[in-house]
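Architecture at a glance
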Amino acid sequence: MRRESPWLWKVESRRLLWLLGLTFALIVTFQYIELPYAISSIFSSTKIPISRNSTSLIGNSTSAIAPSPAGDEEEVEVDQIYDSSGNATAPAISPTTATLPPLLPILKENATAPTANAKAPGLNPSLVKDHATAPSPSANPPAALPGLNPSLVKENATAPAPSVKSPVALPILNPSTVKENATAPVASAKAPVALPSINPSPVMKNETLPTTSKVPERNPTKKNVGDASPIVRFVPDVKENAKMPGFGVMSISEMSKQLRQNRISHNRLAKKPKWVTKPDLELLQAKYDIENAPIDDKDPFLYAPLYRNVSMFKRSYELMEKILKVYAYKEGNKPIMHSPILRGIYASEGWFMNIIESNNNKFVTKDPAKAHLFYLPFSSRMLEVTLYVQDSHSHRNLIKYLKDYIDFISAKYPFWNRTSGADHFLAACHDWAPSETRKHMAKSIRALCNSDVKEGFVFGKDTSLPETFVRDPKKPLSNMGGKSANQRPILAFFAGKPDHGYLRPILLSYWGNNKDPDLKIFGKLPRTKGNKNYLQFMKTSKYCICAKGFEVNSPRVVEAIFYDCVPVIISDNFVPPFFEVLNWESFAIFIPEKDIPNLKKILMSIPESRYRSMQMRVKKVQKHFLWHAKPEKYDMFHMILHSIWYNRVFQISV
């Protein structure tokens, strides 16, 4: 026995070591294989909460219209809420209830899309199946809510096609790019105990969506907005209060250079959609056609010097009229959603919304599978009026409202997640819109009045929305035009609230109070019926000063064009409207803010012949800055839509 004991001890020791080694291997295997998914499900931005009490962002009582902190005195006079007939109204706000559908219904794509009728060289039609449709949400939600496993996102996705590298011919699509009966990726995981409920305020009042459990409702309040409900969707990681890169003053020529650079980088770095659709291929074909547009600078309706490339603009506009389809989401409660304001300084977003949501708009489709673009129909002005807590100096609840709306439509439909929102767009004219949309709509096309380079405006993706001051919605073209070039005795004119930002006091200190008889620079003009004093000065001045207020944008830019006055823009880092296609330096003057002391010297140095040429061009470009109740070719509505279309075309990549 004594001789066998050491041998048995050695055998037992070996078994113990093998057991410890196996245990350690199992622990390591669990740690490096299973644990990251557990951690990602807990800490990821796409986590799924168990349940949450629903909190409305809208107060119980009727909301009084808060005066804008950034409006001129003459602007505040008409800065109220109006219905389509022009009557002032205060919106009645009531909380609504709704439930959220299962978050990620199983999405199926039966086939991909056929090519456009006109085919670019190299596009193999055999690779694209007929009667293709984009995936639609399942009518019957699955019994268990699937979680999103990050490692499974690309498992079933179609292979991307090579990017377009040559303007001469489109590449041949890889057969793996467009597959018959292709299926959008479906994640698999255990379902949570209860589905999350979204904040009901962005949802239609009578809309009821399938859900597995009801969540008790709290009393909605404007001040107690609660925490946002995280939803599975693809949003870039952008910090809410992140400062934009430090910029100095970017000149117009530098902006043009940045636009060209971004076009190249977008072509190279654009994120491809998760699956290819017919509208994607139509946009790719349109991009080829625009880049290879035949030279045509003799069009009587398009004066070539006004445009960066009149041939490309004309071809792009023709293709937009021919093929563009927009899907406007119907979800969302008034007054924030679907409530256009047609009067005042925020009228641009209202007029665009009113026209795009009209029943007879030829660009709008009821079939989202046919859409090239998706419209987010909210009013940035009504968002502020409805939700901003006076003197709170916080926009968090406004941002949360928009986030909840995006979460809702991305859960109900597959379209946002397909492109991370890159084919979605908004039109917003309030000063706060850039900061409110910077995080959760970072990939979307933003048409912004406050088009400030320092506020995160992205050339080639975002577009500058003209800020228009509509005094009478029934007669938007009343008093249009002005005196001829030889009947304008005043060199330059400006009038505006003197304490509206830092720049105007500087302008008034140098040139105000009739310090120079040639320059009519005022603070507040005496009020007259129909604002005749202001209009008369605009109509009889050679140059109209468009000095920034609290933000870079000003309605005076469009007003100057409206009254045949050459705009003089004094607003550093302001991106002028329709910058993608218009050659602004051919009909406007840009003066850096630091050169205000030299204002008269700069204007006097402009030869009379050049002034007359610029004023003639102002008259020719005027048609692009006019609203019509029934839209006309090349008018403001079509130009806004074209800029959005144009940017999307040059971002497309499959």
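Residues numbered from 1 in each chain as written. Predicted model: local features only at pLDDT ≥ 70, side-chain atom pairs only at ≥ 80, totals over all residues. Heavy atoms only, no water.

- The protein is annotated in an unreviewed UniProt entry as Exostosin family protein of Arabidopsis thaliana.
- Regarding the protein, the UniProt comment filed under Sequence similarities (unreviewed entry) reads as follows: "Belongs to the glycosyltransferase 47 family."
- If you open the UniProt record of the protein and go to Subcellular location (unreviewed entry), you find "Golgi apparatus membrane". (UniProt positions renumbered as here; feature names shortened; annotations may be inferred.)

**A closer look at the overall build of the protein**
- Along its length, the protein carries 16 helices and 10 strands.
- Classification of the 654 residues of the protein by burial places 55% in the buried group.
- Look at the contacts in the protein between residues 6 or more apart in sequence, and 78% of them connect residues 24 or more apart.
- Accessible surface, the protein: about 29600 Å² in total, of which carbon and sulfur atoms supply 55%. (Helix = DSSP H or I, 4+ residues; strand = E, 2+ residues; numbered from the N terminus. Buried < 20%, exposed > 50% of the residue type's maximum accessible area, 1.4 Å probe, protein only. Contact = heavy atoms within 4.5 Å. Areas by Shrake-Rupley, 256 points an atom, 1.4 Å probe, with all protein chains shown as cover.)

**Describing the sheet that holds strand 2 (residues 373-375)**
- Judged by pairing direction, the sheet is parallel, and its 5 strands sit side by side in the order 1-2-3-4-5 without closing on themselves. For this open sheet the edge positions go to strand 1 (326-328) and strand 5 (463-464), each flanked by a neighbour on one side alone.
- With 2 bridges joining them, strand 2 and strand 3 (residues 424-428) adopt parallel strand pairing. Residue pairing in the sheet places Phe374 in a bridge with His424 of strand 3.
- Here helix 6 (residues 347-356) sits on the sheet in contact with strand 2 and strand 3, set at roughly 135° to strand 3. (Pairing = 2+ DSSP bridges. Axes fitted to C-alpha atoms, helices over the stretch in contact; angles between N-to-C directions.)

**Notes on a nonpolar patch on the surface**
- Taken together, the side chains of Leu16, Leu17, Leu19 and Leu20 define a hydrophobic patch exposed on the protein surface, amounting to about 420 Å² of accessible area.
- Given a relative accessible area of 59%, Leu17 falls into the exposed group. (Patch = residues over 30% accessible without salt bridge, like charges linked within 9 Å, V, L, I, M, F, W, Y side chains within 5 Å. Salt bridge = Lys/Arg side-chain N within 4 Å of Asp/Glu carboxyl O.)

**Quick look at the nonpolar core**
- Counting 105 residues, the largest nonpolar core has Phe352, Tyr543 and Ile545 as its most contacted members.
- The leading source of residues in this core is helix 16 (residues 636-649), at 9 residues.
- Beyond its immediate sequence surroundings of up to four residues, Phe352 is in contact with Tyr375, Phe425, Ala427, Trp627, Phe637, Ile640, Leu641 and Ile644.
- Of all hydrophobic cores here, the second largest spans 27 residues; its members include Tyr327, Ala371, Leu383 and Tyr388. (Core = buried A, V, L, I, M, F, W, Y, C linked by side-chain atoms within 4.5 Å.)

**Observations regarding the pattern of salt bridges**
- Considering all chains together, one arrives at 20 salt bridges under this definition.
- Lys314 is the salt-bridge partner of Asp299, the closest N and O atoms lying 3.0 Å from each other. Of the two residues, Asp299 sits in the loop between helix 4 (278-291) and helix 5 (310-323) while Lys314 sits in helix 5, which places them 15 residues apart along the sequence. You'll find Asp299 and Lys314 in the same group, each marked buried.
- Here Glu608 and Arg612 are joined by a salt bridge, their closest N and O atoms 3.2 Å apart.

**Details of the pairing of strand 7 (residues 519-522)**
- Judged by which residues are buried, strand 7 turns out to be one-sided: Leu519 and Ile521 face inward and are buried, whereas Lys520 and Phe522, on the alternate face, are not.
- Bridging between strand 6 (residues 490-495) and strand 7 involves 4 bridges; their strand directions are parallel. Within the sheet, the bridge partner assigned to Phe494 lies in strand 7 and is Ile521.

**A word on the packing of aromatic side chains**
- Inspection of every chain in the model, using the stated rule, returns 29 aromatic pairs.
- A ring pair is formed by Phe352 and Tyr375, whose centres lie 5.7 Å apart and whose planes are at 80°; its orientation type is edge-to-face. Of the two residues, Phe352 is situated in helix 6 and Tyr375 in strand 2; the sequence distance between them amounts to 23 residues. Exposure class is identical for Phe352 and Tyr375. Each is buried.
- Aromatic side chains Phe459 and Phe579 sit 6.0 Å apart centroid to centroid with 55° between the ring planes, which places their arrangement in the tilted category. (Phe/Tyr/Trp six-rings, centres within 6.5 Å; stacked < 30°, edge-to-face > 60°.)

**Brief notes about the packing of helix 7 (residues 380-387) against helix 8 (residues 396-412)**
- Where helix 7 contacts helix 8, the two axes come as close as 10 Å, and the packing angle between them is 125°. As summarised for this structure, helix 7 and helix 8 are arranged oblique, according to the angle between their axes. Here helix 7 runs over helix 8; the crossing is right-handed. In contact with Leu383, Glu384 and Leu387 of helix 7, helix 8 contributes Asn397, Leu398, Tyr401 and Leu402.
- Across the contact of helix 7 with helix 8, the residue classes tally to 5 nonpolar, 1 polar and 1 charged. (Parallel < 35°, antiparallel > 145°, perpendicular 65-115°, else oblique. Left-handed = near helix turned anticlockwise from the far one by under 90°. Nonpolar A, V, L, I, M, F, W, Y, C, P; charged D, E, K, R; others polar.)

**Structural notes on the state of the cysteines**
- According to the stated counting rule, one finds 2 disulfides in the structure shown.
- What pairs with Cys429 in a disulfide is Cys449, and their sulfur atoms sit 2.0 Å apart. Measuring handedness by torsion sign, the sulfur bridge of Cys429 and Cys449 sits at about -90° and is left-handed. Linking Cys429 in the loop between strand 3 and helix 10 (433-437) with Cys449 in the loop between strand 4 (445-448) and strand 5, this pair joins segments that are 20 residues apart in sequence. In this pair, the class of Cys429 matches that of Cys449, namely buried.
- A sulfur-sulfur distance of 2.2 Å marks the disulfide that ties Cys544 to Cys565. Taking the sign of the S-S torsion, about 110° here, the bridge from Cys544 to Cys565 comes out right-handed. Taken together, the positions of Cys544 in strand 8 (residues 541-547) and Cys565 in the loop between helix 13 (556-562) and strand 9 (566-570) put the pair 21 residues apart, joining distant regions of the chain. As far as burial versus exposure is concerned, Cys544 and Cys565 are alike and both buried.
- Of all cysteine sulfurs in the structure, the one in Cys544 sits closest to Cys546, which takes part in no disulfide; the separation is 6.8 Å.
- The class for Cys546 is buried, based on a relative accessible area of 2%. (Disulfide = S-S within 2.5 Å.)

**Focus: helix 15 (residues 608-621)**
- Between its terminal C-alpha atoms helix 15 stretches 20 Å, which fits the 20 Å expected from 14 residues at 1.5 Å a residue.
- When we look at burial in helix 15, the residues that qualify are Tyr611, Met614, Gln615, Arg617, Val618 and Val621. Summarising the axial view, the buried residues of helix 15 lie within an arc of 160°, below the 170-degree limit, and thus occupy one face.
- Among the structural elements, strand 8, helix 13, strand 9 and strand 10 (589-590) are those in contact with the buried residues of helix 15. (Expected span 1.5 Å × (residues − 1). Arc of directions from axis to C-beta.)

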